[in-house]
Amino acid sequence: MSLDAEPSEPAVDDEEEEEVDGEFNDITREYSLAGLLNLGNTCYLNSGVQVLANCDMFALALAAQPGEEVTRALRHNDVSRHRRELLEWWRRTLNSLLFPRSPGALDLRGFVGAVMQCNQTFVGFGQQDSQEFIQTLLMVLDDELRDPFHIPAVLRGITTQPKAPHATRELAYLRFIDNLYRANLQQDYDASCREARLKKKLMVTTGATYPRHYRSLVTDFFQGTYLDLMTCTVCGEVGRRISTWVSLQLELPTPKQRLELKRRAAALEEPADAAEETVSSATGNKFLDGTLSFMSSALAKTLSFLSIEPGVDGPLSLRECLASHCMEETGISRFCNRCEKNQDTTKEMRFLALPEYLVVSLKRWDHRNGYWTSKIQSHVTFPLDWSAADFDENEVLDLKEFCYESSDLAAPETTTYSLTGLVVHKGSMFLGGHYISYVRKGNSWIVCNDSILARVSRSVVRDEQAYLLVYRRQTAAKPDPDIVWYQKRAMSFLFNLEEIGCQKLGSRIQTATGEPPFFVSRQWLIKFAYGTEPGLIPNNHVYHFLEEDEGTATRSAWEYFCPVTRDDWDFYISTYGGGPAVSLDDFSEAVRAETRQAEGSGRAGAGQASARNPACR
């Protein structure tokens with residue numbers, strides 16, 4: 001899918017085309033954008049790198065992580081050396097793309113080698129999938145950067161209620177999924193009790209436990225949450241399960257499915273009296289109704305035999321793909337806890353939480369034929385971008401209609417998105433093809449064709465056959481000046497600890513200012529500085545050090561927390577809520593507990609080494 005045999009060029013205005021050659025051109029200088037060398041069928045990687053690097057909030061947030069400490073000295077047994085190398089190569093690649101130091105295209109040979117070491121699928125220079133590369137990279141980064149996120153501990157640590165609407169909604173969301181997990185655990189236990197009674201067992205055994213959650217920059221910026229609603233058609237019991245995604249995989253609906261979507265939409269808009277009139281007219285003449293039903297069935301079978309499906313006029317839209325993805329499914333067999341046996345069930349999916357960056361993958365490869373894989377060439381229309389000054393509803397990707405909403409949980413605060421990049425596959429499966437990408441820089445669109453960069457018009461982007469789309473959450477509301485000011489201060493705290501005169505001296509903390517600092521979750525501060533909806537402050541990390549029942553910390557206290565001034569902390573906690581507050585005394589105690597734990601682990605490790613070494617006996 002990336003065999004680079006004479007790739008077709010996108011339509012570009014002659015006066016706007018500017019290629020990268022021996023000196024910095026206007027595109028590289030104005031947008032801090034660089035071309036990438038094709039090392040042999042690596043266009044799949046080049047296009048994926050360009051769209052991910054254009055997720056500026058994520059790229060800057062990754063740079064705000066502690067440098068050497070991010071390699072997880074405390075977790076060296078849990079992550080492979082190859083993944084750490086890929087993370088460091090990704091950092092270098094982002095730095096080279098965001099701040100080009102030399103003209104010409106970049107050589108990502110080291111990064112390509114790190115990708116091949118992490119995933120053997122990409123070994124060699126054969127045909128590869130750009131979508132699969134993006135998923136692999138995000139998965140590796142998530143595994144390398146993630147921390148435990150224990151929901152009951154977060155809820156227990158809340159000391160201040162939030163004022164920001166999105167933070168209030170996040171608090172309700174955490175309580176909702178906590179109650180849901182506990183209810184599902186109770187259902188699993190009840191089912192185990194019934195099974196034990198049937199088999200006359202004296203002991204009830206169940207493998208169900210409270211799910212373990214993790215959080216990282218990848219989950220903060222790319223992960224969304226589903227709620228699967230499964231309803232028994234006999235007793236009406238509703239089962240609810242939660243699942244997550246980083247890349248939203250959408251199948252292209254067939255003409256028959258599009259017709260079904262149109263029929264359901266019309267049924268929802270049809271008045272009740274019109275529906276009754278339709279039913280009465282259909283039952284007026286039994287002989288005529290039977291004849292029409294037979295003819296309709298025979299016509300459907302004939303069209304199916306001839307591979308002709310009735311459909312909907314007009315091009316396929318991204319909204320139809322989303323509607324088909326979330327459409328209610330029927331005829332699913334599932335065990336019903338109330339009926340205590342398998343029953344016919346309907347299944348419906350709804351979005352519980354939406355990410356900062358929405359990655360949408362369109363499944364263009366048809367594997368239904370057992371002999372070969374073909375490419376679906378259908379054009380899918382998609383909304384581009386919009387600004388607060390020129391709001392156009394047709395250009396907005398709004399997911400509100402697909403979100404879950406009930407009396408105990410409102411829909412997400414922001415459900416609108418603006419396109420920031422897309423990947424396009426040119427060509428076919430058999431004859432080879434080529435990947436290119438488009439990224440939005442301000443009000444301009446740039447096509448990235450390996451080492452070639454060129455400005456293009458919005459109409460060129462609109463007419464492309466998208467394979468992968470990356471949207472960024474955006475609202476028409478103007479940013480609050482106070483929040484923008486505090487965000488700039490947060491950036492200085494993340495990159496410069498001397499901003500408040502706080503430094504580490506062994507296990508002691510020394511401050512140059514008269515007022516002692518407060519400490520806030522570094523991951524939350526990164527999300528506040530570069531995101532749009534940071535949510536609650538989960539300072540419950542301090543429990544890892546101060547309480548034995550919360551388990552062992554996977555990072556040092558200086559990795560978990562970032563010092564801020566008292567004024568900044570008061571603004572954070574009063575606006576976004578959460579907690580608990582971590583003062584200088586609390587942090588000092590956490591550092592001492594960490595030191596004691598490290599010394600104990602060192603003595604235990606030395607004892608084990610002596611026991612294993614025959615010379616020490």
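Residues numbered from 1 in each chain as written. Predicted model: local features only at pLDDT ≥ 70, side-chain atom pairs only at ≥ 80, totals over all residues. Heavy atoms only, no water.

(A) Region of interest: the overall build of the protein chain. A count of helical and extended segments in the protein chain gives 20 helices and 24 strands. For the protein chain, the residues scored as buried account for 47% of the 617 residues in total. Of the roughly 30800 Å² of accessible surface on the protein chain, 51% is carried by carbon and sulfur atoms. (Helix = DSSP H or I, 4+ residues; strand = E, 2+ residues; numbered from the N terminus. Buried < 20%, exposed > 50% of the residue type's maximum accessible area, 1.4 Å probe, protein only. Areas by Shrake-Rupley, 256 points an atom, 1.4 Å probe, with all protein chains shown as cover.)

(B) View of the pairing of strand β15 (residues 433–441). The buried fraction of β15 is high, at 9 of 9 residues. Where strand β14 (residues 416–427) and β15 come together, 7 bridges link them in antiparallel fashion. For V423, the partnering residue across the bridge sits in β15 and is S437. Sheet topology note: the β15/strand β16 (residues 444–449) ladder contains 5 bridges and is antiparallel. Paired with K441 across the strands is S444, a residue of β16. Two successive antiparallel strands, β15 and β16, enclose a turn made up of 2 residues, where G442 displays a positive phi of approximately 65 degrees. (Pairing = 2+ DSSP bridges.)

(C) Expanded view of the confidence of the model for the protein chain. For the protein chain, mean pLDDT is 77; residues scoring 70 or higher make up 71% of the total. Here residues 548–552 is a poorly scored stretch, pLDDT under 50, and it has 8 contacts once near neighbours within four places are set aside; other chains count. Predicted confidence is poor over residues 603–617, with pLDDT under 50, and the contacts of this stretch with residues over four places away or in other chains come to 3 contacts. (pLDDT = per-residue confidence, 0-100. Contact = heavy atoms within 4.5 Å.)

(D) Broad picture of the sheet that holds strand β7 (residues 329–336). The antiparallel open sheet is built from 4 strands, whose spatial order is β4-β3-β8-β7. The sheet terminates laterally at β4 (238–245) and β7, the two strands that pair on one side only. The average undirected angle you get between the axes of adjacent strands in this sheet is 40 degrees. Inspection of the sheet shows strand β3 (residues 224–232) paired to strand β8 (residues 341–353) by 8 bridges, in the antiparallel sense. The residue bridging D228 from the neighbouring strand is M349, located in β8. Contacts from helix α13 (residues 318–326) reach β3 and β8, with the element oriented near 140 degrees to β8. (Axes fitted to C-alpha atoms, helices over the stretch in contact; angles between N-to-C directions.)

(E) Spatial organisation of the nonpolar core. Of all hydrophobic cores here, the largest spans 76 residues; its most connected members are F58, W90, F111, F133, F222, L525 and Y572. The contact partners of F222, leaving out residues within four places of it in the chain, are L52, C55, F58, L138, W245, V246, P355, Y357 and V359. Formed by 42 residues, the second largest nonpolar core is a distinct cluster that contains L397, Y417, V424 and L469. (Core = buried A, V, L, I, M, F, W, Y, C linked by side-chain atoms within 4.5 Å.)

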